[in-house]
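What the coordinates show
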Amino acid sequence: MKSQRNAIISVLVASAGLSQASAFVPAASFAGKSTIGVGGRSAATPNHNVFLNLASDEEDEELELKEYEKEGGKNSGLTKLMMMKDFDPDDEDDEELVKDVLDTAIVALEVDEARSRLSSFRSALSILKLLRSRIRNIKSLDYEKYPNHDEFPDVDLSGMMKMMGGFPPLNQVFSPRKIVRLILRLTTTSLALDTVLDDVNNAKSQEEAYKACFTKPRIGWFGILPNPQNFLPPPYAVDNWEKDSDFARQFFCGTNPLMIEVAKDPETQLSKNIVSHFGKDKLQELADKNQLLFASYDDLADLKVNPHQMFPLPMNDASGPDGGPAPQVHPKFFYAPIVALTYDYDKDELDVLGIQLERTDDARVYTKNTCGENEWLAVKCQVIAADSNMHEWVSHLGNTHLTMEPHIIAIYNTLRQARHPLYTFLRQTSRDTLVLNWAARGSLVKYDANAFGDYQSPVGVGQVMQLINKMWSRYSFFESTGLPNELASRGFTEDVQIPAYLYREDGMKLWNAIGGFATDFVDEVFDSDEAVASDEVVQEWAKETADPDKGAVKGFPTSFEDKETVAKVLQTIMWMTSGLHAAVNFPQYEEYGYVPHKPLHLRADLSTMPEDDAEIREWMFENMFPHINTDDDWLRESANTLVTDEHAAIDSLAMVRLLTTPSRNCLDNLSDRFEKIGTEAYDKFLKNLNVISEEIEARNDEAEKANKAPYNYLNPSNVPSSIDI
């Protein structure tokens, strides 16, 4: 249990920006995954276990603290952090004060490090000390290009979005209160894990072991008592992951609602195989009624290495059992599927029409009617695994965390240094992101041995960077990040009304509210278009952001001539850091928590699947899904800093629980940030947000009554203003 607890600590440290130093950028790193779901007040019914209110709550923190104290938690560093007056490092600009916070955090973490046998935890603590030794007040941040990856040295990555050179500045260090909340989050996660590991280890089958990963909502005789340690409640997916309706739901309301498209011309948008299988006339008839949709994972088809090894060379030349090369016997497989779906307007539901996994002329088109029950389930799981990788590495990491980074650098170098009034607005979109990105480049996507992206992804870090590079090659600021334009690029124009696509329904409400706020804020700052055009600081901000040698954000204005353009930029940036990031980040516990529902990788493709449908289900759990237990001693000891021991699935569960830590900086909780500038604009914004929240909560109440999964991730009360976890 002790090793498991310290494994979770290493996850916390990585998520807080304290992971190992990167091997490919000057002391650079990033932790950036994000999610929502556990820790807020639960309004879910027993059937769903969905946490509807995900915002930070004092009662939740008190509960976590009570459980920590009940278990005998003695930690002088944590106590000191709790007694510190909370502050925003950006307001203080006090190097010694920030260093004192880091010193105290080190003391808090060393309490557990002293009991740990994990080298990964010790290295995570060492990077915290490295951060402490190098943190300083930096006047201007530098831009760096991404280097090529050692596994693919001939693939040029210099055209990716720019990243920060060196260490994060003072204003990106977490506040004392946030560090406390993360430590308590980790502690209660560890307490919950202690209660489930025996059940996992003693499970009669791999399938039962996966289900045993969660705490019980109620305990005692006949479940009469609420469980005070129910910090890992079973997600909605545990009881619903096999349903076609749940598979289809994820394209609209899951972690990755950015892949689905409306088919207008099936012959050009779908494969020849799918068109031939269903007939072009039938498909065109569906398309003419806006009932034909699809998701095509084309970028995965362009990757050259499949399967990819868990410990690829040359990064793991010295990672093997005897200090030699790591064994190349742990392959991870992936497909580049094409999924055709149909929308029923009467039922307001999406359904699966057919799935093509391979990109060959004779590729099979799978349908529910032509597959055995378990074969069909295995096919859907292969699609979901492909979607997981496009979600985590492109839609999430690339399209939010890394895309925002050059913006933050330019804002820091221009508006912040001048303390321009626009910085009051943009500071709320910039909080904590650079330190998260810095940490992730030293853990999740590090160019070194035992990288999380190599261990947990079937494509590997080198190909992850290729996927992000391809996304960025197509990127244009207003077209790619502005919600209406992005939706239209996938066929969701105003004339296509699909109420079940809740990401769009809620997202457009939030987008419009943010747009009104941005316009009102700009009106308070500038009297006229002439005032904008003559503002040297604002012009410098535009110039640096768009400059190919600096921010290099394609499509960003090279200058500002009017208030409307400034407001549009503020709207687009805040949407990216709030609604867009919340939508791809905070569903992670519900979607990824139960690993068979949404695995990050699979250990087998369908070429080794048994022919007998009755044998397929057991094969999936024993041979296809990620390890929940393994007999490979070297693999248990060599699993990287974020995935430890034999419980890969449990560690993944613990990580998404930590990375769904609610924020104190949600859109409806920023009144104190606009006390001097933008007060009237924010008050009006807050009223609009309250209306949106009420509408979403009313709809979710109806969904619960109908035994459907609610969608609360774009409720303004749950949407942080920045990418802060």
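Placed above this text is the structure.
These notes cover the structure that comes with them. Since the structure is predicted, the reported quantities are computational estimates derived from the model, not experimental observations.

1. Describing the sheet that holds strand β10 (residues 349–356)
- Taken together, five strands build an open sheet; the order of strands is β5-β6-β9-β10-β11 and the sheet is antiparallel. Because the sheet does not close on itself, it has two edges, and the strands there are β5 (261–262) and β11 (365–366).
- Bridge count for strand β9 (residues 338–344) against β10 is seven bridges, and the pairing is antiparallel. Across the sheet, residue Leu341 finds its bridge partner in β10, namely Val352.
- Across the sheet, helix α9 (residues 244–253) is in contact with β6 (292–296), β9 and β10; its angle to β10 comes to roughly 95°.
- Contacts from helix α12 (residues 280–288) reach β6, β9 and β10 within the one sheet, and its direction differs from that of β6 by about 105°.

2. Here's the deal with the side chain of Asp605
- Positionally, Asp605 belongs in the loop between α25 (588–592) and α26 (613–624).
- We note that Asp605 is buried and unpaired, the nearest opposite charge coming from Arg603 at a distance of 12 Å.
- A polar contact of 2.5 Å, which involves the side chain of Asp605, links it to the side chain of Ser607.

3. Concerning the nonpolar core
- Judged by nonpolar contacts, the single largest core of 195 residues is most densely connected at Phe251, Phe252, Leu300, Tyr503, Trp541 and Leu570.
- Considering each element in turn, this core owes the most residues, 21 residues, to helix α14 (residues 373–418).
- Ignoring anything within four residues of it in the chain, the contact list for Phe252 reads Pro257, Ile260, Leu293, Tyr343, Leu350, Phe492, Ile498, Ala500, Tyr501, Leu502 and Tyr503.
- Listed in part, the 14 residues of the second largest apolar core include Phe278, Ala287, Leu353 and Val365.

4. Comments concerning the packing of helix α15 (residues 421–430) against helix α21 (residues 502–525)
- Here α15 crosses α21 at 155°, and the two axes come no closer than 9 Å. With respect to α21, the element α15 is oriented roughly antiparallel. Here Pro421, Leu422, Thr424 and Phe425 of α15 lie close against α21, whose contacting residues are Phe517, Ala518, Phe521 and Val525.
- Of the residues belonging to the contact of α15 with α21, the class tally is seven nonpolar, one polar and no charged.

5. So, the packing of aromatic side chains
- If you walk through the whole model with that rule in mind, you get 32 aromatic pairs.
- When the centroid spacing of 5.5 Å and the interplanar angle of 75° are considered together, the rings of Phe247 and Phe251 count as edge-to-face. Note that Phe247 and Phe251 are positioned in helix α9 at a spacing of four residues, about one turn of the helix.
- With relative accessibility at 3%, the residue Phe251 sits in the buried group.
- A connected cluster of aromatic rings, assembled from ring pairs, spans Phe252, Tyr343, Tyr345, Phe492, Tyr501, Tyr503 and Trp575.
- If you follow Lys178 out to its NZ or CZ, it ends over the ring of Phe174, 4.2 Å from the centre.

About the thresholds
- Residues numbered from 1 in each chain as written.
- Predicted model: local features only at pLDDT ≥ 70, side-chain atom pairs only at ≥ 80, totals over all residues.
- Heavy atoms only, no water.
- Pairing = 2+ DSSP bridges.
- Helix = DSSP H or I, 4+ residues; strand = E, 2+ residues; numbered from the N terminus.
- Contact = heavy atoms within 4.5 Å.
- Axes fitted to C-alpha atoms, helices over the stretch in contact; angles between N-to-C directions.
- Buried < 20%, exposed > 50% of the residue type's maximum accessible area, 1.4 Å probe, protein only.
- Lys, Arg positive; Asp, Glu negative; His and termini not counted.
- Salt bridge = Lys/Arg side-chain N within 4 Å of Asp/Glu carboxyl O.
- Polar contact = N/O pair within 3.5 Å; in protein donor to acceptor, adjacent residues only side chain to side chain.
- Core = buried A, V, L, I, M, F, W, Y, C linked by side-chain atoms within 4.5 Å.
- Parallel < 35°, antiparallel > 145°, perpendicular 65-115°, else oblique.
- Nonpolar A, V, L, I, M, F, W, Y, C, P; charged D, E, K, R; others polar.
- Phe/Tyr/Trp six-rings, centres within 6.5 Å; stacked < 30°, edge-to-face > 60°.
- Lys NZ or Arg CZ within 6 Å of the ring centre and 35° of its normal.

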